[in-house]
Amino acid sequence: MVELKKPALGSTLVSGHPEPDGTTQASQRRSMALTVALRLIAAGPLLVLLCIWLVFSLLSPYFLSTSNVTNILVQSSSVALLALGALVVVMVGSLDLSLGSTVGLCTIVGAVIFRDYPSLGWFVIPLLLLIGLAIGIVNALCIVSLRIGNAFIVTLGMLYVIQSLSYVVSGGTQVPGVPNHVIALANESLFGIPGPVLLVIACGGLLWLLLNRVAWGRWIVAIGGNRDAASKVGIPTRKVLFSVYIIASVFAAVTGILVAGLNNSGTVDNGTSILQAIAAVVIGGASLTGGRGSVWYTVVGAVILGSITNGLTLLSVSPNWTPFAIGAVLVAAVGLDTLRTSVEGKLRIRQAQIQAGGAV
């Protein structure tokens, strides 16, 4: 007779499936640990923000007060909005240096229209959005359709053109006064949430949907990763690039509306706002070579910049040191991004090996 051997104890589960042995369980634990590590790396900007808040809260008892945190968020809102516009351009591996001057032109046009034609105050917001749309179309035509030059040079030239128009329209001076509904948008609250914060949430949510729930967003990532390969697989590269510059300029126009409401005036942009926006994008984890970026971490990057400025002010540090601190954080962010890319690549390769059963 042939003796039937009983299965080894613990070799089967109640369902009849083989129970993972020690090696498999160890591989699963390593895979889970790598997943956690990758998520922590992705959450780097948020961790940096929490560390900054912790340091400033220890140095100043007023830093984390409700009123001060609200002030930080409101102060960061204009940079966050402009950074969201810059993000879509950066994700395709490009830059738009004209966004800051677009903000300035929009604030000035809004103030001048209200000053000279008060009855047309209702038309200010649609007009400024149209100005942003027009500038975006001009940029897109020059860069994508006419191929006049690379985006850096074209948008640098547009920066000077738009800045010059701002000086012509304003006469080289600040123009006080904007419509009441623009002021209300920037200064009123809804359910206790300031208008600027709500505007950032609304615009950020819309952009998040476009990037994560629409094919357009996947195309942007593909174009930023490898533009030639994206064209070869049928992605409408030129149309996507055209739309990117338009969306960025419209976001700049929205930023101009907010800035005009916050300041109750129109002012020529001196070129620093776009630098802060790009800094927020980089601190938020986007790659300047394209292919990677996050809407909400870009907003976090803007809040990091606002927190640094606010914290140094609370500590009575000379404003002259604020650019130094922001520059240091930006350089550190670029360095950490390079390190993160290397570490993340190695972790993903290791995770793939484990999942494929290649781990020892």
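Everything numeric here is computed off the predicted structure, so don't read it as measured data.

Caption draft 1: Local environment of the overall build of the protein chain. What the protein chain contains, in helices and strands, is 14 helices and four strands. Here the protein chain holds 360 residues, and 46% of them are scored as buried. If you take every contact in the protein chain between residues at least 6 apart in sequence, the share linking residues at least 24 apart comes to 78%.

Caption draft 2: Just unusual backbone geometry, in detail. Look at Phe191: it is not a glycine, yet its phi comes out positive at around 55 degrees. Note that Phe191 resides in the loop between strand 2 (189-190) and strand 3 (193-194). For Phe191, a relative accessible area of 79% puts it in the exposed group. The phi angle at Asn264 is positive, at roughly 55 degrees, despite the residue not being glycine. Relative to the helices and strands, Asn264 resides in the loop between helix 11 (237-263) and strand 4 (265-266).

Caption draft 3: Summary view of the packing of aromatic side chains. All chains considered together, the criterion is met by four aromatic pairs. Three or more aromatic residues link up through ring pairs in this structure, and these residues are Trp53, Phe56 and Phe63.

Caption draft 4: Fine view of the nonpolar core. Membership of the largest hydrophobic core comes to 73 residues, with the highest contact counts inside it found for Val88, Trp216, Ile220 and Val244. Counting residues per element, this core draws most heavily on helix 3 (residues 66-91), at 14 residues. Counting residues in each nonpolar core, the second largest holds 21 residues, with Val124, Ile135, Ala253 and Ala260 among its members.

Caption draft 5: Inspection of a nonpolar patch on the surface at higher detail. Where nonpolar side chains cluster on the molecular surface, the patch consists of Leu130, Leu133, Ile137, Leu141, Leu146 and Ile148 and spans about 530 Å² of accessible area. In this fold, Leu146 is placed in the loop between helix 5 (124-145) and helix 6 (151-170). Leu146 gets classed as exposed once you look at its relative accessible area, which sits at 59%.

Rules used in this analysis
Residues numbered from 1 in each chain as written. Predicted model: local features only at pLDDT ≥ 70, side-chain atom pairs only at ≥ 80, totals over all residues. Heavy atoms only, no water. Helix = DSSP H or I, 4+ residues; strand = E, 2+ residues; numbered from the N terminus. Buried < 20%, exposed > 50% of the residue type's maximum accessible area, 1.4 Å probe, protein only. Contact = heavy atoms within 4.5 Å. Phe/Tyr/Trp six-rings, centres within 6.5 Å; stacked < 30°, edge-to-face > 60°. Core = buried A, V, L, I, M, F, W, Y, C linked by side-chain atoms within 4.5 Å. Patch = residues over 30% accessible without salt bridge, like charges linked within 9 Å, V, L, I, M, F, W, Y side chains within 5 Å. Areas by Shrake-Rupley, 256 points an atom, 1.4 Å probe, with all protein chains shown as cover. Salt bridge = Lys/Arg side-chain N within 4 Å of Asp/Glu carboxyl O.

Shape is all these values report; function is a separate question.
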